[in-house]
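Inside the fold
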Amino acid sequence: MSIYGKLVIDVPVTAGLKRSGETVVVDNLEEKDFTETFLLLETAAKRGDNVGVDEYRNVGDFLESIRFGSAFKVRKLHSEVIDAVITVGPCIAARSIRPCLASLQVFTSEGFSRESIWRDCMEMAIGYARQHPFGFSACVTDVFGHCLERIIALRTDGFVISASVPRAGKIVYRDGKSPIHMHSYVMYKEIGQVDNKRPCWSEFIRLSTEICNIMDEVGHGRDAGHTHESTTPSLIPRLPFECSLSPAPLTVVVRQVRALPDDLDRFYEFFRSAAEEGVGFSIEEFPTKEIFWKIHDSSWKVVLEDKYSGKWVAVMDWCSSWYSRCRENCDVFDAGMIIAKEFRNSGLGTPVFEISKTIAKDLGCR
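On a predicted model such as this, the values are computed, not experimentally measured, just so you know.

For strand 5 (residues 70-76), the buried fraction is high: 6 of the 7 residues fall into the buried class. In this structure, strand 4 (residues 23-28) lies alongside strand 5, joined through 5 bridges in antiparallel fashion. Residue pairing across strands places Val24 opposite Lys76, the latter belonging to strand 5. The sheet contact formed by strand 5 and strand 6 (residues 84-90) spans 5 bridges and is antiparallel. By the bridge assignment for strand 6, Lys73 is matched with Val85.

This part is about the environment of Tyr173. Looking at the element boundaries, Tyr173 is found in the loop between strand 9 (160-171) and strand 10 (180-190). Considered as a pair, Tyr173 and Asp49 are 124 residues apart in the sequence and their alpha carbons are 9.1 Å apart. Residue contacts for Tyr173: discarding those within four places in its chain leaves His146, Ile180 and Met182.

Moving on: the packing of aromatic side chains. Considering all chains together, one arrives at 10 aromatic pairs under this definition. Between the aromatic rings of Phe267 and Phe271, the centroid separation amounts to 5.0 Å while the plane-to-plane angle is 50 degrees, which identifies the pairing as tilted. Highlighted residues: Phe267 and Phe271, both in helix 6 (residues 261-277), separated by 4 residues, approximately one helical turn. For Phe267, a relative accessible area of 0% translates into the label buried. Among the aromatic side chains, those forming a connected cluster through ring pairs are Phe267, Tyr268, Phe271, Phe292 and Trp293.

Under the defined criterion, the tally for this structure stands at 24 salt bridges. Between Arg114 and Glu22 there is a salt bridge whose closest N-O contact spans 3.7 Å. Remark: Glu22 occurs in the loop between strand 3 (13-16) and strand 4 and Arg114 occurs in the loop between strand 7 (101-108) and helix 3 (115-131); sequence separation between them is 92 residues. Here the salt bridges do not stand alone but share partners, grouping Lys18, Arg19, Glu115, Arg119, Asp120, Glu123 and Asp157 into one network.

Turning to the sheet that holds strand 6, a few remarks are in order. Pairing in this open sheet of 8 strands is mixed, and the strands run 3-4-5-6-7-8-10-9 from one edge to the other. The open sheet has two edge strands, strand 3 and strand 9, and neither has a second partner. When the angles between neighbouring strand axes are averaged without regard to direction, this sheet yields 25 degrees. Judged from the 8 bridges that link them, strand 9 and strand 10 form a sheet pairing that is antiparallel. The residue of strand 10 that forms the bridge with Val160 is Tyr188.

Now for unusual backbone geometry. Here the bond from Leu239 into Pro240 is cis, since omega is 0 degrees, no more than 30 degrees from zero. Tracing the chain through its elements places Pro240 in the loop between helix 5 (201-217) and strand 11 (241-245). Positive phi outside glycine occurs at Arg238, with the angle close to 70 degrees. Exposure remark for Arg238: the relative accessible area of 51% places this residue in the exposed category. The phi dihedral of Asn345 is positive, around 60 degrees, even though this residue is not glycine. A relative accessible area of 86% places Asn345 in the exposed class.

Moving on, we come to helix 3. The end-to-end C-alpha distance of helix 3, which contains 17 residues, comes to 25 Å, matching closely the 24 Å that a straight helix rising 1.5 Å per residue would cover. Here helix 3 lies mainly inside the structure; 12 of its 17 residues are buried. By the burial criterion, the buried members of helix 3 are Ile117, Trp118, Arg119, Asp120, Cys121, Met122, Met124, Ala125, Ile126, Gly127, Tyr128 and Ala129.

Criteria and thresholds
- Residues numbered from 1 in each chain as written.
- Predicted model: local features only at pLDDT ≥ 70, side-chain atom pairs only at ≥ 80, totals over all residues.
- Heavy atoms only, no water.
- Buried < 20%, exposed > 50% of the residue type's maximum accessible area, 1.4 Å probe, protein only.
- Helix = DSSP H or I, 4+ residues; strand = E, 2+ residues; numbered from the N terminus.
- Pairing = 2+ DSSP bridges.
- Contact = heavy atoms within 4.5 Å.
- Phe/Tyr/Trp six-rings, centres within 6.5 Å; stacked < 30°, edge-to-face > 60°.
- Salt bridge = Lys/Arg side-chain N within 4 Å of Asp/Glu carboxyl O.
- Axes fitted to C-alpha atoms, helices over the stretch in contact; angles between N-to-C directions.
- Expected span 1.5 Å × (residues − 1).

So this is what it looks like as structure tokens:
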């Protein structure tokens, strides 16, 4: 059975795992299971078993990670102990509110962490992604770089490494040692189904409103009626300043976007115009202004403004990376940069990018 945006198992399912030979029962993860699930995550983090030491600081962090997805518990037949948790949901870095890319995670107890059982659980996760009402046609999962057996197993099962995220999280690498930063691989696989189950565009717009309301509830946005407020995390060091851009030449003022209607509207229109032109963005990324501000509300936003004409030459923004698995002191950023149409193809890309790198370093990006 499915409800919109969720996949729900009607009754517990008994399944035989083909690689390990285990017989397990799979069911929906329920509220009564959250504490036990957190303990499973906590012990996995202590083992360095593909869970960062501060990736899930409390039950709330886990619930936030599955807010738009589905979660299932796996236990041995005739046992009430949860030995694995499977999560299936839209990829958090998907650039559309009509996601076709699923994010899968499998967390296991120490007894279920051996390769054969973990691969069986990942296979179940892929099966649930195929059944999901969003009609996922591909999936990704994150694996820390020291989990070599899992990386090899995923490669054997058809996954490919699509990205490497440096300093993605902190893990326990050896017993008794202090946590260290570790890179993470984003593993990708097409799951072999035609993209024909996705809800229509109007239904996704309806969902976008629900998502906005949920984000307000958990403090990740603003109330729907307040479209011109900013919760930019802090002022950016050294801004504002003037500089010359070659080979244009242009003299620009580099400043932070002000929390005023005129600035915020121009910032939104910059992105919207780029999407309509097909320059680096898709119209499905932010079909409404409200969705746009839910995504960009907490990012640092900067504009390069022509000193004499007041025209906006370029805009930039930064936020903690979607792929970071650190909850605190994240030093890996996602960055966006757009140059206005009339200033493109004039050699400004490199100098503007250098300014972006300088500001990112000031903000603590490594």
